[in-house]
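Tertiary structure, described
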Amino acid sequence: MRFVTAFRQFCLNPRVLYIYFAVVLMVPNFFLFCTEPLSAWSRVVYLLLPLSVYMAALTIWRKPGISFWVLFLFLILGAFQLVLLYLFDRSVIAPDMFLNLVTTNSTEAGELLGKLTPAIVGVCVLYLPALTLGLFSMRGEYGLTRRFRLRAVLVAALLGVLSVGAALMARRDDPGFRVCHDIYPANVIYNMGFAAQSWHRTNNYPATSADFTFDARPTHDSTLREVYVLVIGETSRAANWELFGYDRPTNPQLSRVTNLVPLRDALTQSNTTHKSVPMMLSAASAEDFDRIYREKSILTAFREAGFRTVFLSNQRPNRSFIDYFAAEADRYENLRDRLDPNDPNPLDMDLLRLFDDELARGAQKELIVLHTHGSHFNYTERYPDSSRYFTPDRIETIRASEREQLVNAFDNTVRYTDAVLAGIIGRLDSLGAPAVLIYSSDHGEDMLDDARGHFLHSSPIPSYYQMHVPMLLWYSDAYEAAFPDAVATARANAPRPVSTNIVFHTLLGAGGVETPLFDPALSLTDPRFDPRPRTWLGPYNDPLTLDELNLIPSDIDEFRRRGLAFP
Ligand SMILES: [Zn+2]
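For the protein, the helix and strand inventory stands at 22 helices and 15 strands. For the protein, whose C-alpha radius of gyration is 27 Å, the value lies close to the compact-globule estimate of 24 Å for 567 residues. Its C-alpha atoms put the protein at 95 × 50 × 45 Å along the principal axes. In the protein, which comprises 567 residues, the share counted as buried stands at 44%. Within the protein, residue pairs in contact and separated by at least 24 positions form 73% of the contacts whose partners lie at least 6 positions apart.

With that settled, consider the nonpolar core. Counting 93 residues, the largest nonpolar core has Val-229 and Leu-437 as the members making the most contacts within it. Broken down by element, this core gets its largest block of residues, 10 residues, from helix H17 (residues 403-431). Beyond its immediate sequence surroundings of up to four residues, Leu-437 is in contact with Val-229, Val-231, Ile-424, Ile-425, Leu-428 and Trp-474. Val-24, Phe-74, Leu-84 and Phe-177 belong to the second largest nonpolar core, which has 42 residues in total.

Our focus in this paragraph is the packing of helix H2 (residues 14-35) against helix H5 (residues 72-88). Between two packed helices, what matters for the description is the angle formed by their axes and the separation of those axes. At a minimum axis distance of 9 Å, the contact between H2 and H5 shows a crossing angle of 30°. Taken as axis vectors, H2 and H5 run roughly parallel relative to one another. The way H2 lies across H5 gives a crossing that is left-handed. Of the residues in H5, those touching H2 at Leu-25, Val-27, Pro-28, Phe-31 and Thr-35 are Phe-74, Gly-78, Gln-81, Leu-82 and Leu-85.

Our next topic: the sheet that holds strand E8 (residues 435-441). In a beta sheet, neighbouring strands are held together by backbone hydrogen bonds and run either parallel or antiparallel to one another. One open sheet accounts for seven strands, arranged E3-E11-E8-E2-E7-E5-E6; its pairing is mixed. In the strand order of this sheet, the two ends are held by strand E3 (260-263) and strand E6 (331-334), each with one partner. Shown here is a sheet whose adjacent strand axes are inclined to one another by a mean of 10°, direction ignored. With five bridges connecting them, E8 and strand E11 (residues 471-475) associate as antiparallel partners. Its bridge partner lying in E11, Ser-440 is registered against Met-471. Strand contacts of H17: strand E2 (226-233), E8 and E11, with the helix running at about 175° to E2, the strand carrying the most contacts.

Most of E11 sits inside the fold, with five of its five residues counted as buried. Burial of the side chains of E11 extends over both faces: Met-471, Leu-473 and Tyr-475 are buried on one face and Leu-472 and Trp-474 on the other.

This brings us to the pairing of E2. On a regular strand, one side chain projects to one face of the sheet and the next to the other, so that they alternate. Within E2, eight of the eight residues are buried, which leaves it mostly tucked inside the rest of the structure. Residues Glu-226, Tyr-228, Leu-230 and Ile-232 point to one face of E2 and Val-227, Val-229, Val-231 and Gly-233 to the other, with burial holding for every one of them. Bridge analysis of E2 against strand E7 (residues 365-371) gives seven bridges, and the strand direction is parallel. Considered in E7, the bridge of Tyr-228 is made with Leu-367. Bridge count between E2 and E8: seven bridges; the pairing is parallel. For Ile-232, the partnering residue across the bridge sits in E8 and is Ser-440.

Here we come to the domain arrangement of the protein. Partitioning the protein into structural domains gives domain 1 (2-201) and domain 2 (216-561). Using C-alpha coordinates to define each centre, domain 1 is positioned 41 Å away from domain 2. Of the residues lining the interface, 17 residues belong to domain 1; the matching set on domain 2 comes to 18 residues. Broken down by secondary-structure element, the contributors of at least two residues to the side of domain 1 that touches domain 2 are helix H6 (95-103), helix H7 (106-115) and helix H11 (186-203). It is H6 that provides the largest number of residues to the side of domain 1 that touches domain 2, a total of six residues. Looking at the side of domain 1 that touches domain 2 residue by residue, the class counts come to seven nonpolar, four polar and six charged.

About the cut-offs
Residues numbered from 1 in each chain as written. Predicted model: local features only at pLDDT ≥ 70, side-chain atom pairs only at ≥ 80, totals over all residues. Helix = DSSP H or I, 4+ residues; strand = E, 2+ residues; numbered from the N terminus. Rg over C-alpha atoms; globule rule 2.2 N^0.38 Å. Buried ≥ 20, exposed ≤ 12 C-beta atoms within 10 Å, placed from the backbone. Contact = placed C-beta atoms within 7 Å. Core = buried A, V, L, I, M, F, W, Y, C linked by C-beta atoms within 7 Å. Axes fitted to C-alpha atoms, helices over the stretch in contact; angles between N-to-C directions. Parallel < 35°, antiparallel > 145°, perpendicular 65-115°, else oblique. Left-handed = near helix turned anticlockwise from the far one by under 90°. Pairing = 2+ DSSP bridges. Domains from an automatic or database assignment. Nonpolar A, V, L, I, M, F, W, Y, C, P; charged D, E, K, R; others polar.

Printed below as a string of structure tokens:
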């Protein structure tokens, strides 16, 4: 009994609470200190600077419980951060994490929650006792003495001065070092602000792009019927495509298609849908992302040049640029807008129904964009039972021991995409008119591929599997007859390392749409094609070269093993 009383007194001792609260607040920093790639001096800042701030903040009220509860926001950030570390092993909360929350639909979020249970339990074990003791401290009568608070502030000030010195040294070693980018939790607060600003700019897009024009004009013979098709894939990865060297028959139909130009070394510039897809649809790229707020998409460029433009989607609108761009089309239809209660899960093949009636209208010049659902989790929902080729494919839980089912289901989605693409190509072929199709996935996917055990995509630092995307171009015989040079040039350029930033310019080039925004160096069919060193869209919409991405060595080995250019 005496022991219990003594323990209670110990726990409620304001000095003990003060130290305990400071340690609890520092826990995310201890973890990130181990996981983040930091220079020696920035490591010093990583611990001393937040500690000095927390130490000072915890002295503001006499009862440390009050100060601790006032810092509640930092506990929320800490919890979010620790869960994220559990999921991805490293990285602070990036601006995209906040944007993904508003652009991701609830079923996707639900799929993740199950996997996160251990992390959520851990966070509760860490924070709930501290918050409870904070309440006791608030209600109790004991507080910190004036003398203790004064000393604590002095120590905090000393640590603050030391961390400013360390920050200057860190800056000397790495001029890119910034407390607001590199030190938790300053960076997460900065990232929240950045995300809010991006969200605001996206919402203002109709106003900021209102006066934009491509000044586009057609250069091809006006009597020629022409159809251009862009198929945007979802979460498909090149590593699982037979066309790109996979050892399973995932491309039985495309393997037999003639006039196909596979681009075997194609990388995406972002592993999130809401950024990658708009970069394919517009002139914005990782190298120059901000122009997206002023400019319009490929649909307007073709429209200005006299083409009928159509956007057919099997993805729910997600409040991103994809929605704005889709709305630029003469016809925009979304299979998920008005769901048939008897068929709540439209398949990509259902898009072909809309595609057929569009082709039947017989527009002289036409651009059709199809936004597919491709290989997005849950994989088994992406194809009908009749397309269960690789079995067993029923996924109960996501774990290494059931990886076989997971990969089988994913491979079935690739095989189904193969059939969808072959279906579109067959239809275009039978038109007997010049036609070009470009297909590219928006990003790849992790599927418990290695010891990291990562799953899905959009991690702050991508993996090889998220970056290498299937991309291909197909042209009709009539197109080759009309534009033999464009076809020969595309074939000659196909082996070169490219990024998804070539999609927009290649469509313009192939379609003969002239605009001052056209960049021949990014058009596969142009003799001036000269893709630049590849970059990735960084967290602040800045371009990062591949070697600035801090990929782990096994990912870089994967690039090398497959004969892909790196960096
Ligand atoms: Zn995506």
